[in-house]
6 protein chains.
Amino acid sequence: MKKLVLTGAAGRLGSYLREPLAKMCDTLVSTDIVDDIGTLYDGETYAKGDLASLDDMMRVLEGADMVVHMGAYADEGPFEKLLGPNFVGAYNIWEAAYQRGLKRVVYGSSIHAVGMHPKTDFIDTEVRHRPDTFYGLAKCFAEDLGSMYWDKRGLESVHMRILSCAQVTNARALGSWLSYDDLIQLTQRSIETPVTGFSVVYGVSNNDRAPVDNSKASFLGYRPKDNAEQFADKILAETGPLDSQDKGHMCHGGPFASVELGNSGVATMNIVDDTKKI
Amino acid sequence: MKKLVLTGAAGRLGSYLREPLAKMCDTLVSTDIVDDIGTLYDGETYAKGDLASLDDMMRVLEGADMVVHMGAYADEGPFEKLLGPNFVGAYNIWEAAYQRGLKRVVYGSSIHAVGMHPKTDFIDTEVRHRPDTFYGLAKCFAEDLGSMYWDKRGLESVHMRILSCAQVTNARALGSWLSYDDLIQLTQRSIETPVTGFSVVYGVSNNDRAPVDNSKASFLGYRPKDNAEQFADKILAETGPLDSQDKGHMCHGGPFASVELGNSGVATMNIVDDTKKI
Amino acid sequence: MKKLVLTGAAGRLGSYLREPLAKMCDTLVSTDIVDDIGTLYDGETYAKGDLASLDDMMRVLEGADMVVHMGAYADEGPFEKLLGPNFVGAYNIWEAAYQRGLKRVVYGSSIHAVGMHPKTDFIDTEVRHRPDTFYGLAKCFAEDLGSMYWDKRGLESVHMRILSCAQVTNARALGSWLSYDDLIQLTQRSIETPVTGFSVVYGVSNNDRAPVDNSKASFLGYRPKDNAEQFADKILAETGPLDSQDKGHMCHGGPFASVELGNSGVATMNIVDDTKKI
Amino acid sequence: MKKLVLTGAAGRLGSYLREPLAKMCDTLVSTDIVDDIGTLYDGETYAKGDLASLDDMMRVLEGADMVVHMGAYADEGPFEKLLGPNFVGAYNIWEAAYQRGLKRVVYGSSIHAVGMHPKTDFIDTEVRHRPDTFYGLAKCFAEDLGSMYWDKRGLESVHMRILSCAQVTNARALGSWLSYDDLIQLTQRSIETPVTGFSVVYGVSNNDRAPVDNSKASFLGYRPKDNAEQFADKILAETGPLDSQDKGHMCHGGPFASVELGNSGVATMNIVDDTKKI
Amino acid sequence: MKKLVLTGAAGRLGSYLREPLAKMCDTLVSTDIVDDIGTLYDGETYAKGDLASLDDMMRVLEGADMVVHMGAYADEGPFEKLLGPNFVGAYNIWEAAYQRGLKRVVYGSSIHAVGMHPKTDFIDTEVRHRPDTFYGLAKCFAEDLGSMYWDKRGLESVHMRILSCAQVTNARALGSWLSYDDLIQLTQRSIETPVTGFSVVYGVSNNDRAPVDNSKASFLGYRPKDNAEQFADKILAETGPLDSQDKGHMCHGGPFASVELGNSGVATMNIVDDTKKI
Amino acid sequence: MKKLVLTGAAGRLGSYLREPLAKMCDTLVSTDIVDDIGTLYDGETYAKGDLASLDDMMRVLEGADMVVHMGAYADEGPFEKLLGPNFVGAYNIWEAAYQRGLKRVVYGSSIHAVGMHPKTDFIDTEVRHRPDTFYGLAKCFAEDLGSMYWDKRGLESVHMRILSCAQVTNARALGSWLSYDDLIQLTQRSIETPVTGFSVVYGVSNNDRAPVDNSKASFLGYRPKDNAEQFADKILAETGPLDSQDKGHMCHGGPFASVELGNSGVATMNIVDDTKKI
């Protein structure tokens, strides 16, 4: 692998991926909309760019082999707010990747593309889209885009539907947790697998209570190592009785399944930044 | 039914729906981006509006019970060209419908949302999205949008995936043809069925060679009457041997499955305007 | 066919089956708990008996080839009320049929065995049980009983899940209607088919809006002739907007899906006795 | 269609196909192992050849567009007896068709490729092979062969799994009957459909009691017209009680499901030659 | 968890659950039909009661959060013998739980609800009921009851289909064994999982030869630790050739699949009481 | 187990199975077409025989309990070359096994029976046949043969579809590798499982990237221990970019999926003989 591009490099998940990705290639081009992402790793360069600008993405992807596309507005918000970075941004990445001759897009998709399925359904990677938010709807859009670029133009893509990659602070996360180490393994597998076509895989750790089915993506060789069960006693002791009629508890999307469309859903998800210290 | 709205009323399919819809309600509000759609039917009024403007759609949908949403750029074209009318336009319709308290959106979706499935697969209405064009991608987007507004806000929608509603001029159309009478029946059923939730149904006539499976939408009671087999002898006699490796022949999307993304696909589809005379 | 037994012969559906069944065999033994069922048809005899008594059923089934088991408390009611006729009664029929060497039980089952499935799901005959009432629960019990007697003892059974066999007086019935003629055809097919093993089939007419899938029972050759669409214009004109969050409208069981367990559900179903005059 | 080849032209089904096939092409080359097949139809020529000889088949298929392959030893028999005509013969047809550049093989397959499935299972065209005889095993072989030549070499094939194409003389045939007219329609559709890839379709008439599922082959447009129900009253009146533990009654293969491997099964199937007079 | 109820506390499995359940709550109310269950654990009280009495169950469940329902006649027997404890008893538990406002019933169901499925079928938790005995039929009844109380009244239930929880003394048990530790884990998970709706899960250890599929219940987080393979060499050495036509060997229910209905099946199952010493 | 027969004892896989199989029975009869297979293990005898001769196989199988059938021409080649050993040879084994009263055939089948399925499809053991070569076609034939002998004659068989049992020298083998130890475990389980009926199981190690689904064969208790991931870093570092349009990379069959029919495919598969030293 000569040249790899990482979008959303200043974001929460992107920033964790910079170091391991830099080690996988000769040159890692990290990109985001901010001016500066701090000290660079060996082999890493930074290229500022706006996802909503096709010209920017054409410039950033020049000469690359693959792109890991993590950049997006990372919360539920009004459709108008997500239109540029999350919808048009995805189009720009795929179109630039095609025009620049990349082999593959590795995409940070989300459980929120299918978040309205009941949690008691063990959903696989071919279940129909049931987005829970505009945020999830943008993930659906990018998956369909990836399917089309593969079918029509032979551009591969792996869609990593991340469940919840943050500190385990509630009962849902006992099932949905994706540790940083497992995120890194999943991203690496998505890059190194020689052929992938159009693939979808859930980003979840080896939790006892993992509620989704990755069997159809077995060929990717993703075998998570971490298990949120280590937090179960503490979390369950703190959890009062939950209302089984509340979509926020009964659906895969969790709080996003019950949040009002267009409103921020992050606050209720207890996402904090010190996850790495776990 | 007191008030019904029809978008795309100046378009090819929209114009055929004006009369039958006008008969189904006290007031039909036809809307399109043109200044004038000619003589109005009894009970019909015309309201000019731009799909890409949420304000316009809020104005047009005020007081309505349901909206039949046929408006769109009706061909494959560059993503940037379809973004306004087909993507943002769909959002505006659903958002306005929700805010205005409508019960249901009846949507003119398309086979092109799943056009890359092989024709030898008898696809049902829950098969995963495989769009063949940006045009089809916009249909996927609207279907996912409809799913979300139903799950989150209780706004119903019926997504009529029309196969090909035009004169039968090639072998594919022997299977994919939707006659105007059957289009009208399907639209009526989608409106009059008391409860629909989120539903998808293929718009195809009762052709001997119909290649899609509507069984999961049986409760809608759509029973098409026309059959393209009446044109088979003539069409097959004119059809030379077809290349079974050509996606345009082997996929449900037909010419859209082989057209270059962003290029017009209509020319190759032999769509002509005198269908009604069939 | 020498001797056939009909239980519930004094009931609404049973009384319609007496004449056609009498024509299918040398002797029809009609049975019910009442003293008298009026004038008998040629070849018919009447034997009073209590379903809840195994002795009675042993007596009634003696020498018979098959039994058509329609007898039951025909409404939702408290569990204690249904325990005798509907639960124990079914056991008595199967046990007596086995001990008396009958070849088959033809059973009047009901959509209420699966009534909590959403109407937008096109349920087939192998869908899991989701009873909507104690009445439906008794149908589940009898189906499982029939499965066991076939697997363990080779006693065949056909379970006719009747949707609604009554005058068409509401929108649900446009899909769920079973005409008397089609009930008769279904019962005849269930009797005359040479081998059936354990089979389940929906009792519904050839309605445009029929919401259930009989394809897995195709070998029975049941091809209904009547179609409730003839009543659609009138019924739909009278039907106001329906609440799509109401289980009584969204589930296959109709009013039974929303009735309180143990309460009569018949009143809300507009079942009247003059159906035959339709 | 310029040139079509028909194998097994002297056989029972082949002889009925000669006339309609001759009308579909400029030249029909009929072939069989006998010296003479009687008076030829307009456009028909006869070429004697042995299926078990690749050289013969290379000669016969020269210049052809398609071949309708009906030739085989048409009964159950010892494996050694079927090896030449049914197994090696099928290989020779596909290999010669490939080498001679034909577009498609239309093959007379049989229900006996899946004859051990219980009749109460409504089997579709993708159900796994469960042959009931060496005769059926040869059909499995040819289907797998056709799958491979399509996947590897782009040679199309349609596998018509004929149920029972003979006079209706027993209860099984009420479901399994294929009339000659419907056989002809099916063969025509299999030839004229512009692209088919590798396809399987059941050859059965529009019988009320048809026990197999052709929905996955819908794109072929096969819509049978005849219905064995016209014979039901007579046949059922003559049919005594059948043993539901007998595989010959409970499996799709009928008598072939209970016949000893290697023994003739035809005698028990009441196949007579005057079917055309029905 | 403040108050938990355990039925069948004097039974074989119930007695093993008393101690671990007592540790999970402030008060464990153990109940059974005997006068006395011996020394009580910390936090445990005993309340004598008859499952067949709704009044008794209303009294016992008062103030409880959940009930673990293990009480039943624990063998195959005549229907009349099981009617009270196993059928009516299950109704009484669900009805009392509903009236007393409990959140959930955790139920000791059994493989015998689906015991007639062939062992070579890897059955999941949604496979259709195929009971092998009246004992299994009662389990089907309780599952359907649980489904209904969830759909109609929001009362949750987890149905633990136990395979064989006893010493490993025959070849079947190499696949079907549930160790006591795994039984305890499964019961704990069924209690502590915050929301479950209506769920079914197989009670089987992590045996190499486990023949059932728990994937659809993954969200419960049941991950068994024990493996009967430790007994394989000894057991297989003692096992003579088995008859593959014997339902007792070919079906999931084991000896119950071949026992005569109504007769005790336990003797043939080698169930002994010293399992804990394993 | 008194007497076991191993065919193909001189072949690559057969030679590894001789020792472990000799330990499982009183007498192991090894057979192959060569004169001599070297030093025999304790309890082993050698019987020369030709698979293509039914007489030979009748002689070799006399008195045996089971046969492990590994003998075949072990590469792709012309149909004529495989007809004797691979097709007729399989028939001879099953027929002789039946006539000699054996309980079971354990068969060395292959992924090449289904090799044309895309690798991104996680194929289970009931997926339809899609052979990639004549070699694979012979495996399909033997599987169908085994199905028939079970259904018609009660002769059991286990079909072990081996993926690639050789040194790991390319990226495909990271998923498809079957170690010798796991081959031995799989063969042992196939022999010792008391009842198997007709079963299919994939022969693949516990590789992170294993692309096939053995869940339906769970009752066999095959739990592979080895994992090709140990070779991943080295192999992936040596692997250049692969063409995702190449069937040899995109299909389960690997090189056999792209090799010309009838040509040797082994050269391209990097199979070497020193696997044991791994």
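Provided above is the structure to which this section pertains.
This structure is a prediction, so every number in the text was calculated from the model and none was measured.

Brief notes about the relation of the copies chain E and chain F
One copy of the chain maps onto the second through a rotation around an axis plus a translation along that axis.
Next, step 1: For the pair chain E and chain F, the superposition axis carries a translation of 0.0 Å, the fit reaches an RMSD of 0.0 Å, and the rotation angle comes to 120 degrees. Taken together, these values place the two copies in the relation of a three-fold axis. In terms of C-alpha distance to the rotation axis, chain E has E:Ser215 as its closest residue, with the C-alpha 6.1 Å off the axis.

Overview of helix α4 (residues 134–153) of chain A
Residues and elements named next belong to chain A.
Next, step 1: Compared with an ideal rise of 1.5 Å per residue, which puts 20 residues at 28 Å, α4 spans 28 Å between its outermost C-alpha atoms and is within 8% of the ideal.
Next, step 2: Among the 20 residues in α4, 20 count as buried, and that is most of the element.
Next, step 3: Gly154 lies just past α4 and shows a positive phi near 70 degrees.

Things to note about the packing of helix α2 (residues 54–61) of chain E against helix α3 (residues 79–99) of chain E
All names here are of chain E.
Next, step 1: The geometry of α2 relative to α3 is characterised by a closest axis approach of 9 Å and an angle of 45 degrees between their N-to-C directions. Compared by their axis directions, α2 and α3 come out oblique. In terms of crossing hand, the pair formed by α2 and α3 is right-handed. Residues Leu54, Met57, Met58 and Leu61 of α2 form the contact with α3, whose participating residues are Asn92, Ile93, Glu95, Ala96, Ala97 and Gln99.

Topic: the sheet that holds strand β2 (residues 27–32) of chain E
All names here are of chain E.
Next, step 1: Pairing is parallel across the open sheet formed by seven strands, whose spatial order is β3-β2-β1-β4-β5-β6-β7. The sheet terminates laterally at β3 (44–48) and β7 (198–203), the two strands that pair on one side only. Recorded for the sheet is a direction-independent mean angle of 20 degrees between the axes of neighbouring strands.
Next, step 2: Where strand β1 (residues 3–7) meets strand β4 (residues 66–69), four bridges bridge the pair, whose relative direction is parallel. Paired with Leu6 across the strands is Val68, a residue of β4.
Next, step 3: Contacts from α3 reach β1, β4, β5 (104–110) and β6 (156–162), with the element oriented near 170 degrees to β4.

Some remarks on the interface of chain E and chain F
Next, step 1: Between chain E and chain F, the residue contacts involve 18 residues of the former and 19 residues of the latter.
Next, step 2: Of all residues in chain E, E:Phe122, E:Asp208 and E:Arg209 bury the most surface against chain F, accounting for 37% of the area lost on that side.
Next, step 3: Linking chain E with chain F are four salt bridges, by the criterion used here.
Next, step 4: Remark: the boundary between chain E and chain F carries seven residue pairs in polar contact (both at pLDDT 80 or more).

A few points about helix α1 (residues 12–23) of chain A
Next, step 1: Taken together, the buried positions of α1(A) are A:Leu13, A:Gly14, A:Tyr16, A:Leu17, A:Arg18, A:Pro20, A:Leu21 and A:Ala22.
Next, step 2: Packed against the buried residues of α1(A) are β1 (3–7), β2 (27–32), β3 (44–48), β4 (66–69), β6 (156–162) and α6 (180–192) of chain A.

What about the pattern of salt bridges?
Next, step 1: In this structure the tally under the stated criterion is 114 salt bridges over all chains.
Next, step 2: With a shortest N-O distance of 3.0 Å, E:Lys216 and E:Asp124 are connected by a salt bridge. You can see E:Lys216 sitting in the loop between β7 and α7 (232–238) and its partner E:Asp124 sitting in the loop between β5 and α4 (134–153), a full 92 residues away along the chain.
Next, step 3: In this structure E:Lys216 comes out as partly exposed when scored by relative accessible area, which is 30%.
Next, step 4: A salt bridge links F:Arg59 to F:Asp56, with the shortest nitrogen-to-oxygen separation between them at 3.5 Å. Placement of both F:Arg59 and F:Asp56 in helix α2 (residues 54–61) is noted, with a separation of three residues, approximately one turn of the helix.

About the criteria used
- Residues numbered from 1 in each chain as written.
- Chains lettered and ligands numbered in written order.
- Predicted model: local features only at pLDDT ≥ 70, side-chain atom pairs only at ≥ 80, totals over all residues.
- Heavy atoms only, no water.
- Least-squares fit on C-alpha atoms with pLDDT ≥ 70 in both.
- Helix = DSSP H or I, 4+ residues; strand = E, 2+ residues; numbered from the N terminus.
- Expected span 1.5 Å × (residues − 1).
- Buried < 20%, exposed > 50% of the residue type's maximum accessible area, 1.4 Å probe, protein only.
- Axes fitted to C-alpha atoms, helices over the stretch in contact; angles between N-to-C directions.
- Parallel < 35°, antiparallel > 145°, perpendicular 65-115°, else oblique.
- Left-handed = near helix turned anticlockwise from the far one by under 90°.
- Contact = heavy atoms within 4.5 Å.
- Pairing = 2+ DSSP bridges.
- Buried area = accessible area lost by both parts, 1.4 Å probe.
- Salt bridge = Lys/Arg side-chain N within 4 Å of Asp/Glu carboxyl O.
- Polar contact = N/O pair within 3.5 Å; in protein donor to acceptor, adjacent residues only side chain to side chain.

Function-wise, these values are silent; they only describe arrangement.
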